[in-house]
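Below are the chains, spelled out letter by letter.
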Amino acid sequence: KMRLVHVEGASIATGTAMTVVDGSVEECAAWVITGLDSRETWNKMKQYGLVDINVKPINSHSLYYNTTRSLGMSGLANREGRNKIIWHKEDDSKVFIDLSDTGDLQEDYPVKAGNVLATGHSVWIFEPLDPTGGVPQTAATFTTKVDLGGNIPGFVMNRVAPKFLSTVSRIREHFF
């Protein structure tokens, strides 16, 4: 299930995507984190609207994730994101991945001329469900609020948002 809220011409959008995955919460979280800088991502990055990716580990539970995305329409500047990603497993076995804006690397990775710095906050929640036929089941939820900056026509947001939210679909496809 995917839902998106965007007001025509506004730069802010909020979206949620949910699915059930045949896999454990640990497998799902590992797929998301390792997928940020995987060969598969690099090979398919244009398909996802990504122009550039830079991942810089901080420690065993966090990293910096800098991206440049194309909105897929000439005349609209690329959007850059400067994020810090932190993941944590709770005592009840839920796993949270928090992707938040950061200014930590602005000197090392300044916004390229002509690009726009996008802001946002995204959260993954992986919640264990009862197994089916001995196969672990996980409820995967991705929620995001993004400000792409500028005047974004609805038809552009309708094309960009599903690619961004389809991360949840890709995790499900990976395990099937």
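On a predicted model such as this, the values are computed, not experimentally measured, just so you know.

Calculation criteria
- Residues numbered from 1 in each chain as written.
- Predicted model: local features only at pLDDT ≥ 70, side-chain atom pairs only at ≥ 80, totals over all residues.
- Heavy atoms only, no water.
- Core = buried A, V, L, I, M, F, W, Y, C linked by side-chain atoms within 4.5 Å.
- Buried < 20%, exposed > 50% of the residue type's maximum accessible area, 1.4 Å probe, protein only.
- Helix = DSSP H or I, 4+ residues; strand = E, 2+ residues; numbered from the N terminus.
- Phe/Tyr/Trp six-rings, centres within 6.5 Å; stacked < 30°, edge-to-face > 60°.
- pLDDT = per-residue confidence, 0-100.
- Contact = heavy atoms within 4.5 Å.
- Polar contact = N/O pair within 3.5 Å; in protein donor to acceptor, adjacent residues only side chain to side chain.

> Got a minute to help me understand the nonpolar core in this structure?
Where a protein is soluble and globular, its nonpolar side chains tend to be buried together. Counting 22 residues, the largest nonpolar core has Ile33, Leu63, Ile85, Ile97 and Phe126 as the members making the most contacts within it. Taken together, the elements giving at least two residues each to this core come down to α1 (25–35), β3 (50–59), β4 (62–69), β5 (79–89), β6 (95–101), β8 (119–132) and β9 (135–147). With six residues, α1 is the largest single contributor of residues to this core. Core analysis: the next-biggest nonpolar cluster, separate from the first, contains nine residues, Ala13, Leu71, Leu148 and Ile152 among them.

> Explanation requested: the packing of aromatic side chains in the structure shown.
The geometry of an aromatic ring pair is captured by two quantities: the separation of the ring centres and the angle between the planes. Per the stated rule, a full pass over the model turns up two aromatic pairs. Taking the centre distance of 5.2 Å and the plane angle of 15° together, the rings of Trp124 and Phe126 count as stacked. Trp124 gets classed as buried once you look at its relative accessible area, which sits at 6%. Phe126 gets classed as buried once you look at its relative accessible area, which sits at 0%.

> Hey, could you run me through the confidence of the model for the chain in this one?
Low-pLDDT portions of the prediction should not be read for the details of their coordinates. Mean pLDDT over the chain: 87, with 91% of residues reaching 70 or higher. Confidence, read as mean pLDDT per element, is least for helix α4 (residues 167–175) in the chain (53) and greatest for β6 (96).

> Just to check I follow, could you spell out unusual backbone geometry for this structure?
Only a minority of non-glycine residues have a phi that is not negative, and only a minority of peptide bonds are not trans. For Ser93, which is not glycine, the phi dihedral falls at a positive 75°. Tracing the chain through its elements places Ser93 in the loop between β5 and β6. Given the relative accessible area of 27%, Ser93 is considered partly exposed.

> Would you mind going over the environment of Asp147 with me for this structure?
Mapped onto the elements of the fold, Asp147 is located in strand β9. Taking C-alpha positions, Asp147 is 5.3 Å from Ser11, a pair spaced 136 residues apart along the chain. Once residues lying within four places of it in the same chain are set aside, the contact partners of Asp147 are Ser11, Ile12, Ala118 and Thr119. Of note is the side chain of Asp147, whose polar atom sits 2.9 Å from the backbone nitrogen of Gly149.

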